[in-house]
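Geometric and topological summary
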Amino acid sequence: MEVIRHLFWLLVFPGFLFTVILGLYACWIVRKVTALIHHRIGPPALQPLYDVLKLLGKETLIPEAANKAVFIWAPVVGFASVLLLAILLWAVDFIPARDNGMFLGDVIVAIYLMVIPSLALILGSSASGSPHAAIGTAREMKLVMSYELVLVMAFIVVLIKTATFHGISDSQNDAQLLSLSSIAQYTPALSISGLLAFLAALLCVQAKLGFTPFDIPEAETEIAGGVLIEYSGALLALWKLAQAVMLVAFPLFLVILFMGGIGTGFGSVLLGLGKYVLVLVLLILIKNTNPRMRIDQTVKFFWFYCGPVMAVAIVLAMLGNYYDKWWL
Amino acid sequence: MNWKIWSLKKSPWVFHVNTGACNNCDIEVVNCLTPKFDVERFGVTLVGSPRHADALLVTGVVTAQAAPRLIQAYQQASKPCVVFAIGACACGTGIFRTGYHVVGPVDKIIKEVDPNAIIAFVPGCPPKPEAMISGIVKMLNAL
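Residues numbered from 1 in each chain as written. Chains lettered and ligands numbered in written order. Predicted model: local features only at pLDDT ≥ 70, side-chain atom pairs only at ≥ 80, totals over all residues.

1. A word on the overall build of chain B
Across its full length, chain B carries six helices and seven strands. When the helices and strands of chain B are listed from N to C terminus, the series reads α-β-α-β-β-β-α-β-α-β-α-β-α. For a compact globule of 143 residues, the expected C-alpha radius of gyration is about 15 Å, and chain B comes in at 14 Å, within 12% of that figure. Looking at chain B residue by residue over its 143 residues, the buried ones come to 46%. Counted over contacts in chain B with a minimum sequence separation of 6, partners at least 24 positions apart contribute 79%. (Helix = DSSP H or I, 4+ residues; strand = E, 2+ residues; numbered from the N terminus. Rg over C-alpha atoms; globule rule 2.2 N^0.38 Å. Buried ≥ 20, exposed ≤ 12 C-beta atoms within 10 Å, placed from the backbone. Contact = placed C-beta atoms within 7 Å.)

2. Section: the overall build of chain A
A count of helical and extended segments in chain A gives 13 helices and zero strands. Overall, chain A shows an N-to-C arrangement of helices and strands of α-α-α-α-α-α-α-α-α-α-α-α-α. Radius of gyration (C-alpha) of chain A: 20 Å, near the 20 Å computed for a compact globule of 328 residues. Along the first, second and third principal axes, the C-alpha atoms of chain A reach 60 × 55 × 40 Å. In chain A, which comprises 328 residues, the proportion classed as buried is 47%. Within chain A, contacts between residues separated by at least 24 positions form 80% of all contacts whose residues are at least 6 apart in sequence.

3. A word on the nonpolar core
With 96 residues, the main nonpolar core has Ala 154 and Ala 249 of chain A as its most contacted residues. For this core, the leading source of residues is helix α11 (residues 233–258) of chain A, giving 21 residues. Filtering out sequence-adjacent residues up to four positions away, Ala 154 of chain A remains in contact with Ala 197, Ala 200, Ala 201 and Met 310 of chain A. Judged by nonpolar contacts, the second largest core, of 42 residues, contains Phe 15, Tyr 74, Ile 136 and Met 139 of chain B. (Core = buried A, V, L, I, M, F, W, Y, C linked by C-beta atoms within 7 Å.)

4. Remarks on the interface of chain B and chain A
Contacts between the two partners involve 18 residues from chain B and, on the opposite side, 26 residues from chain A. Of the residues contributing to the side of chain B that touches chain A, the split by class is four nonpolar, seven polar and seven charged. (Nonpolar A, V, L, I, M, F, W, Y, C, P; charged D, E, K, R; others polar.)

5. Notes on unusual backbone geometry
All names here are of chain B. The omega torsion of the bond from Lys 79 to Pro 80 falls at 0°, within 30 degrees of zero and hence cis. By the element assignment, Pro 80 lies in the loop between α3 (66–76) and β5 (82–86). If you check the backbone angles, Asn 23 has positive phi at about 85° while not being a glycine. Within the element layout of this structure, Asn 23 appears in the loop between β1 (13–18) and α2 (24–31). A count of 11 C-beta atoms within 10 Å places Asn 23 in the exposed class. With a phi close to 65°, Thr 93 is a non-glycine residue in the positive phi region. Mapping Thr 93 onto the fold places it in the loop between α4 (88–92) and β6 (102–104). Accessibility expressed as a C-beta count within 10 Å gives 20 for Thr 93, which makes it buried.

6. Re the sheet that holds strand β2 (residues 45–46) of chain B
Residues and elements named next belong to chain B. Strand order in this open sheet of five strands is β2-β1-β3-β5-β7, and the pairing throughout is parallel. At either end of the open sheet lies a strand with only one pairing partner, and these are β2 and β7 (119–122). Summarising the sheet, β1 and β2 pair through two bridges and their orientation is parallel. Directly across from Val 14, in β2, lies its bridge partner Leu 46. Contacts from α3 reach β1, β3 (55–59) and β5, with the element oriented near 165° to β3. Sitting on the sheet, helix α5 (residues 106–113) is in contact with β3, β5 and β7, with an inclination near 160° to β5. (Pairing = 2+ DSSP bridges. Axes fitted to C-alpha atoms, helices over the stretch in contact; angles between N-to-C directions.)

7. Some points on the packing of helix α9 (residues 192–209) of chain A against helix α12 (residues 266–288) of chain A
Residues and elements named next belong to chain A. Interaxial distance between α9 and α12 falls to 10 Å at its minimum, and their mutual angle equals 70°. Judged by the inter-axis angle, α9 sits roughly perpendicular to α12. Residues Leu 202, Val 205, Gln 206 and Leu 209 of α9 lie in contact with α12, whose contacting residues are Leu 282, Leu 283 and Ile 286. Residue composition of the contact of α9 with α12, by class: six nonpolar, one polar and no charged. (Parallel < 35°, antiparallel > 145°, perpendicular 65-115°, else oblique.)

8. Notes on α5 of chain B
Within α5 of chain B, burial applies to Val 106, Ile 109 and Ile 110 of chain B. Down the axis of α5 of chain B, the sector holding all buried residues measures 95°, keeping them to one side. (Arc of directions from axis to C-beta.)

9. Things to note about the packing of α9 of chain A against α11 of chain A
Residues and elements named next belong to chain A. Where α9 meets α11, the axes come as close as 11 Å, and the angle between the chain directions of the two elements is 170°. The pairing of α9 with α11 is recorded here as roughly antiparallel in orientation. Contacts between α9 and α11 involve Gly 194, Phe 198, Ala 201, Leu 202, Val 205, Lys 208 and Leu 209 from the first element and Met 246, Leu 247, Phe 250, Pro 251, Leu 254 and Phe 258 from the second.

10. Focus on the environment of Pro 68 of chain B
Residues and elements named next belong to chain B. Relative to the helices and strands, Pro 68 resides in helix α3. Residue Pro 68 is classed as exposed on the basis of its 12 C-beta neighbours within 10 Å. A sequence separation of 10 residues divides Pro 68 from Ser 78, and the C-alpha atoms of the two residues are 18 Å apart.

As structure tokens, this is what we get:
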């Protein structure tokens, strides 16, 4: 019985199936809200599902110049890692934190899992042997380089805030400090440094999702789909599914880190859903009110604007920690 | 109905190929995506690569320069992929019929490489967006 319960938990709810369905629904929300902003009607609710079904039914072409193994396995690895991240985050939300018993993964694991989809995209597109994809790959690499530092700095702010909430005296063990379930008990976004970190992390997630203004690697009007140009059929469907699951995992990660997670119980689940939708709508609004930036502008933006702001936020958080002021 | 065809009807992604049009048809093609017509209601999306496309929207007479590119774009598209000849020029070379650079209408060029290709004609100079949407609907019903 126990085994069946765990398998159900992993595969159906809130595991793989639920995450994918929620992701496709989130995809629809993105397209629908975009359409509403344009004063259009927009696609029907099942449109992302139709898209994926259609792609699964189409012919899958592999270019002659491609490195077949990498080309085929990259979307599988990207999809698997982002799905794993989503499962980890659901576990943090729905399994109550135990003292020191179970390992539920910490921020470090999540950071690594968040990088793998981008790495898989870089590998897959560079294996496709297309000059457009090569440009897209170069841009994706620069993009990862530019936002990753800021994202990690934002996480450091969260960790310092968590230490503050825990109280300086009982910094019992570091594992407790890094664990996502203990971070999920606090809301750093209510403090000044936490809010700054949240905004910066939001922009990083925007770049991770490949949304405008950071859709530089995919830039359909100039490099014709860039990183995804050679993908077709079932492999493209896998990428679309990976992007759908990213739409669940990354905003959920921000909710856990900055807004106190989702928790159990009817009320807190509703509240958690509200937080998730808030983050999603913020991402969509940024997407629809900004034109695409150039890659050099993006690197400059993240390193020379977001970077110093994050440094200030870290200093503020440490001052808050030292003087025991939670709002700093 | 076959689920592949059913889902294809629900989300036809289109790729736009200009084989020597005067840009008039192209403007009208883009017009279909604007709030007034909004073909995304039917799942139609403009994609950047022929690999992703379910339909090629070809505008303009096929010139000697463009013919090999059109064939290449058609061969690169993952099948099933249909072809729309949009505008008088693409349907039957129009007023450029006797031009020295004209190889032929779109259907002739595509049929050279794939005799079984599904080709739809949307005449007009340029065709109205309504005409294009009606062409898409007729094509999807014929699949």
